[in-house]
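Fold and geometry: a report
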Amino acid sequence: MDLLIKQQKTNKALETIIKKQIYSLGRYFGTLNILDREGKKHKIGYTNGDTLYEAAKKAGLNSVLGICGGNMSCARCQVYIDEKDLPRLPPMSQQEQDALTHAYKPNPRSRLACGLVLDTNTNGLSIDLAPLKPKKIRKKIQKPKETSITITDSSVVSYPFSEPFLSLNPDSLETVENYQTVKIKEGIHWCGVIDWDLRDFHGYRTTRGGTYNSYFIQDEESVLIDTVKQPFVERYLKKVKSLVNGDLKKIKYLVCQHVEMDHSSALPSVMQACPHLTVVCTELCKQVLEKHYDISQWKFKIVADGETLKLGKRSLTFVATPLVHWPESIVTYMPEEKILFSMDAFGQHYATTKRFDDEVDFSIVLDEMKIYYANILMRLSVPIKKALKNLGTLDISTICPSHGVVFRQKENISKIIEKYTDWANFKKKPHVILFYDTMYKSTQRMINEVAAGIKEVSGVTFDIMNVRTNHITDIATGALDCAALVVGSPVFQEHSMPEVICALSYLEALRPLDKLALIVSSYGWSQSGAANDISRYLDSIKAKQIRDPIFSFYRPTNSLLKECRDAGKQLALEVKKVCNI
Ligand SMILES: Cc1cc2nc3c(=O)[nH]c(=O)nc-3n(C[C@H](O)[C@H](O)[C@H](O)COP(=O)(O)O)c2cc1C
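Here the residue numbering is sequential within each chain, running from 1 through the sequence in written order. At least 70 in pLDDT is required for a residue's local features to be given in this predicted model, at least 80 for side-chain atom pairs to be given and counted, and no such filter applies to totals for whole chains, interfaces and linings, which use all residues. As a convention, hydrogens and water are excluded, and side-chain values are obtained from all of the structure's heavy atoms.

What follows is about the packing of helix H13 (residues 472-481) against helix H14 (residues 498-510). Every angle, taken between N-to-C directions, lies between 0 and 180 degrees, and every axis is a line fitted to C-alpha atoms, over only the stretch in contact when it is a helix. A helix here means a DSSP run of H or I that spans at least four residues, while a strand means a run of E at least two residues long, and both kinds are numbered starting from the N terminus. Packing of H13 against H14 brings their axes to within 10 Å, and their N-to-C directions diverge by 45 degrees. Accordingly, the angle class assigned to the pair H13 and H14 is oblique. The handedness of the crossing between H13 and H14 comes out as right-handed. Side by side, H13 and H14 meet where Ile-472, Thr-473, Ile-475, Ala-476 and Ala-479 of the first sit next to Cys-502, Ala-503, Tyr-506, Leu-507 and Leu-510 of the second. Taken together, the residues of the contact of H13 with H14 break down into 9 nonpolar, 1 polar and no charged. Reported orientations rely on four angle classes, namely roughly parallel under 35 degrees, roughly antiparallel over 145, roughly perpendicular from 65 to 115, and oblique for the rest. If you view the pair so one helix is near and one far, a crossing is left-handed when the near helix is turned anticlockwise from the far one by less than a right angle, and right-handed when it is turned clockwise. The contact criterion used throughout is that any non-hydrogen atoms of two residues lie within 4.5 Å. For this classification, the nonpolar set comprises Ala, Val, Leu, Ile, Met, Phe, Trp, Tyr, Cys and Pro, the charged set comprises Asp, Glu, Lys and Arg, and every other residue, Gly included, is treated as polar.

Okay, structure coming up:
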């Protein structure tokens, strides 16, 4: 025991000497004094430009880290800065301010570790980790009685669902697609499923259906990458079996890149059919899996960011891409074949019997990829930029996403990376999206006149969308890369029409940032009722209104319509300026 204590003291002394040497060599820019949630004090070093989050991660102070991977989203890395140190902090970005609004017990001394960039002024800061919200103790819920159904050659898979759900199982209908797998390269197959009926994906419209892609890699140690949505599990297992001559034991690993249920909900049934499988995932992914399924009987191999798994002739390297699309998301790279299994990145909801980019009309793929990006990933531009930077170092000849077609054409791969880069940077087109609601067409007439004004300026285009006949999916997709938004609503019970608010609330969540904007509104007796509502949302996405809202007292007069037309022209000219044309 004495020896152990002596050893620990020696280690401590050594650590102090090394740290002193590092500081003296100028490796660190400054130090910080951190008080953790257990009341323990830590002194850590940092380099210029690190965020507090990055500095804490490098110092192994994991209690600072949240669950979103340092992407200003979960607000669990909230810290309180000593009052006297507040004046020397760099200002908060809009994203940090937004994220702090859902932190636990924020106060005027609050910052997010992932938002606070350290520099000369921050040397010697005193920082306390903010408390985390206490966990609620949940009552144990009685599990539903399991129902078993038979799949092929008497393998039994249990579903924790009731009969009515099973009757909707698409696998009750045998189709030729049930067995179809597609060779990507020698020993690498697509074994996903096509969901022809998919028309709604958590609220956004998927008019072309979708696919849930899973991939099989045959090697000395064979692997499945991800699974599919639960109702398709029977079809999926048939496909997988067809790739291993019916012997599922030939597969050793199942890589789980992302827990969202469209990729993982078949996992419990797959693990029941193949209990020998080892699930390969990150520690965070395992924690998220545990929140969804009973994983107590599953075998795991936990991998870290950058770790490589040897399969035999080939290998897989895992790259963490937090918040593209969930905190635990990773992508997987196979250097020997230059394949990137890109998870949700570059995904498109597009049901087709074709599996490759060169077999379909590529403009449809780009359209669907834009819809997917706008409605799922637009808000996540910061982590997407980080991921693109990391992936930029890889030599890629094939991209296998988790939805839609596989990319194997060099020019298409360059194109989709270029598109993602433009979208993540909010590159703007000289295009205007006008959306509105109307009861008796006064607001509609105002919108049409604004559009007529835009039309007078060459090089600027527009789309007009009545919120009753156009889905929020299309408004968000248009908002992704347009330069300006025009919003119209009559005053209705002293407010904006609810469908307009619905579209604005969707945009507020997705955050198409820094647009030019114009509001038009017809009213009867409370002029600014609708415009005040609309302005609040536009301010929240940092839209810049080019002039005061245009109000029409009931039906618009000719002179008011002219004002609308002039405003449309003014807007189009400003659009040209921001687009540098
Ligand atoms: C159900 C209903 C509620 C209304 N509520 C208000 C109101 O609270 N304040 C107001 O200024 N005008 C109100 N109005 C009047 C309208 O805003 C006005 O008629 C306007 O011109 C309608 O524009 P639209 O033709 O684009 O629908 C209301 C009208 C209706 C039919």
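The next point concerns the site of the ligand. For the ligand, the set of nearby residues contains 17 residues, the closest of which are Met-439, Glu-494, Ser-522, Trp-525 and Ser-526. Polar contact is the term for a pair of N or O atoms within 3.5 Å; when the atoms are in protein, one must be able to donate a hydrogen and the other to accept it, and sequence-neighboring residues count only if both atoms are side-chain atoms. Here Val-491 contributes a backbone N or O atom positioned 2.7 Å from an oxygen atom of the ligand. In the complex, the protein chains occlude 86% of the 640 Å² of accessible area that the ligand would expose alone. Of all elements in the fold, only helix H12 (442-455) and strand E27 (516-523) reach the threshold of two or more residues within the shell around the ligand. Of the residues that constitute the shell around the ligand, the class distribution is 8 nonpolar, 7 polar and 2 charged. We define proximity as follows: a residue is near a molecule or strand when any one of its heavy atoms falls within 4 Å of that partner. Accessible areas in this description were obtained via Shrake-Rupley with a 1.4 Å probe; residue shielding takes into account the shown protein chains only.

For the rest of this paragraph, the subject is the packing of helix H9 (residues 362-377) against helix H11 (residues 410-424). Axis separation between H9 and H11 bottoms out at 11 Å; the angle between their running directions is 30 degrees. With respect to each other, H9 and H11 are oriented roughly parallel. Relative to H11, the crossing made by H9 is right-handed. On the side of H9, the interface is formed by Phe-362, Leu-366, Met-369, Lys-370, Tyr-373 and Leu-377, while H11 contributes Asn-412, Lys-415, Ile-416, Lys-419, Tyr-420, Trp-423 and Ala-424. Among the residues making up the contact of H9 with H11, the classes are represented as 9 nonpolar, 1 polar and 3 charged.

Turning to the sheet that holds strand E1 (residues 30-35), a few remarks are in order. Spatial strand order, E2-E1-E5-E3-E4: 5 strands in an open sheet with mixed pairing. Taken across any chain shown, the strands that pair with only one partner, and hence form the sheet edges, are strand E2 (41-46) and strand E4 (110-112). Going across the sheet, the axis of each strand differs from the next one's by a mean of 35 degrees, ignoring polarity. The pairing of E1 with E2 spans 6 bridges and is classified as antiparallel. Its bridge partner being in E2, Thr-31 is matched across the sheet by Gly-45. Here a strand pair is declared whenever DSSP counts at least two bridges between the two strands.

In terms of nonpolar packing, the biggest core is built from 99 residues, with Leu-289, Phe-407, Tyr-420 and Phe-435 touching the most fellow members. Ranked by the residues each element gives to this core, the list is headed by H9, at 11 residues. In this description, a nonpolar core means a group of buried Ala, Val, Leu, Ile, Met, Phe, Trp, Tyr and Cys residues linked to one another through side-chain atoms lying within 4.5 Å. To sort residues, take the accessible area from a 1.4 Å probe on protein chains only and compare it with the maximum for the residue type: under 20% means buried, over 50% means exposed, and anything in between is partly exposed. Counting 27 residues, the second largest nonpolar core, distinct from the first, contains Ile-34, Leu-52, Ala-55 and Leu-125.

To continue, consider the environment of Val-575. Topologically, Val-575 is positioned in helix H16 (residues 558-578). Setting aside residues no more than four positions away along its own chain, Val-575 makes contact with Pro-430, His-431, Val-432, Val-460, Ala-483, Ala-484 and Leu-516.

We define a salt bridge as a contact between a side-chain nitrogen of Lys or Arg and a carboxyl oxygen of Asp or Glu at a distance within 4 Å. Using the criterion set out here, one finds 22 salt bridges in the structure. A salt bridge links Asp-82 to Lys-84; the shortest N-O distance between them is 3.9 Å. For Asp-82, a relative accessible area of 30% translates into the label partly exposed. A residue is classified by how much of its surface remains accessible, and Lys-84, at 57% relative accessible area, is exposed.

Right, let's talk about the state of the cysteines for a bit. Two cysteine sulfurs form what is called a disulfide whenever their separation falls within 2.5 Å. Taken as a whole, this structure holds 0 disulfides when the rule is applied. Distance from the sulfur of Cys-274, which forms no disulfide, to the nearest cysteine sulfur (Cys-191) is 11 Å. You can see Cys-482 has no disulfide; the closest cysteine sulfur is in Cys-579, sitting 9.3 Å from it.

Here we come to unusual backbone geometry. Non-glycine residue Lys-105 carries a positive phi angle of around 50 degrees. On the secondary structure map, Lys-105 appears in the loop between helix H3 (94-100) and E4. By relative accessible area, Lys-105 is classed as exposed at 51%.

What follows covers the sheet that holds strand E23 (residues 398-401). Across the sheet, which stays open at both edges, the 5 strands sit in the order E19-E20-E21-E22-E23 with mixed pairing between neighbours. In this open sheet, the two edge strands, each paired with only one partner strand, are strand E19 (308-310) and E23. For this sheet the average axis-to-axis angle between neighbouring strands, irrespective of direction, equals 20 degrees. Sheet topology places strand E21 (residues 330-334) next to strand E22 (residues 339-343); 3 bridges connect them, and they run antiparallel. Note that in E22 the partner of Thr-332 across the bridge is Phe-341.

Note on patches: the residues involved have over 30% relative accessible area and no salt bridge, like charges join within 9 Å, and the nonpolar side chains Val, Leu, Ile, Met, Phe, Trp and Tyr join within 5 Å. The grouping of Met-439, Tyr-440 and Phe-492 at the surface amounts to a nonpolar patch, some 340 Å² of accessible area in total. Mapped onto the secondary structure, Phe-492 falls in the loop between strand E26 (482-488) and H14. Relative accessible area serves as the criterion here: at 31%, Phe-492 is assigned to the partly exposed category.

On to the packing of aromatic side chains. Any pair of Phe, Tyr and Trp rings, taking the six-membered ring for Trp, is counted once the centres come within 6.5 Å. Such a pair is stacked with planes under 30 degrees apart, edge-to-face with planes over 60 apart, and tilted for the rest. Going through the model one piece at a time under the given rule, you end up with 13 aromatic pairs. Among the aromatic side chains, those forming a connected cluster through ring pairs are Phe-346, Tyr-373, Tyr-420 and Trp-423. When the NZ atom of lysine or the CZ atom of arginine is within 6 Å of a ring's centre and also within 35 degrees of its normal, the charge is said to sit over that ring. We note Arg-355 situated over the ring of Trp-190; from NZ or CZ to the ring centre the distance is 4.3 Å. The ring of Phe-356 carries the charged tip of Arg-408 above its face, separated from the ring centre by 3.7 Å.

Next up on the list: the environment of Lys-354. Mapped onto the elements, Lys-354 comes out in the loop between E22 and H9. Those residues within four positions of Lys-354 in sequence are excluded, and the remaining contacts are Glu-359, Val-360 and Val-405.

Position of Arg-111 among the secondary structure elements: in strand E4. Assessed through its relative accessible area of 5%, Arg-111 is described here as buried. Placed 19 residues apart in sequence, Arg-111 and Met-92 show a C-alpha to C-alpha distance of 7.9 Å. Aside from chain neighbours lying at most four places away, what touches Arg-111 is Cys-77, Gln-78, Val-79, Ile-81, Leu-89, Pro-90, Pro-91, Met-92, Glu-96, Leu-100 and Leu-116. At 2.7 Å, the side chain of Arg-111 and the side chain of Glu-96 are in polar contact.

Residues annotated by UniProt as "domain: Flavodoxin-like" (unreviewed entry) correspond here to residues 432-572. Helix makes up 45% of residues 432-572 and strand 23%, whereas the separation of the span's terminal C-alpha atoms amounts to 8 Å. UniProt positions are given in the numbering used here, feature names are shortened, and annotations may be inferred rather than shown by experiment.

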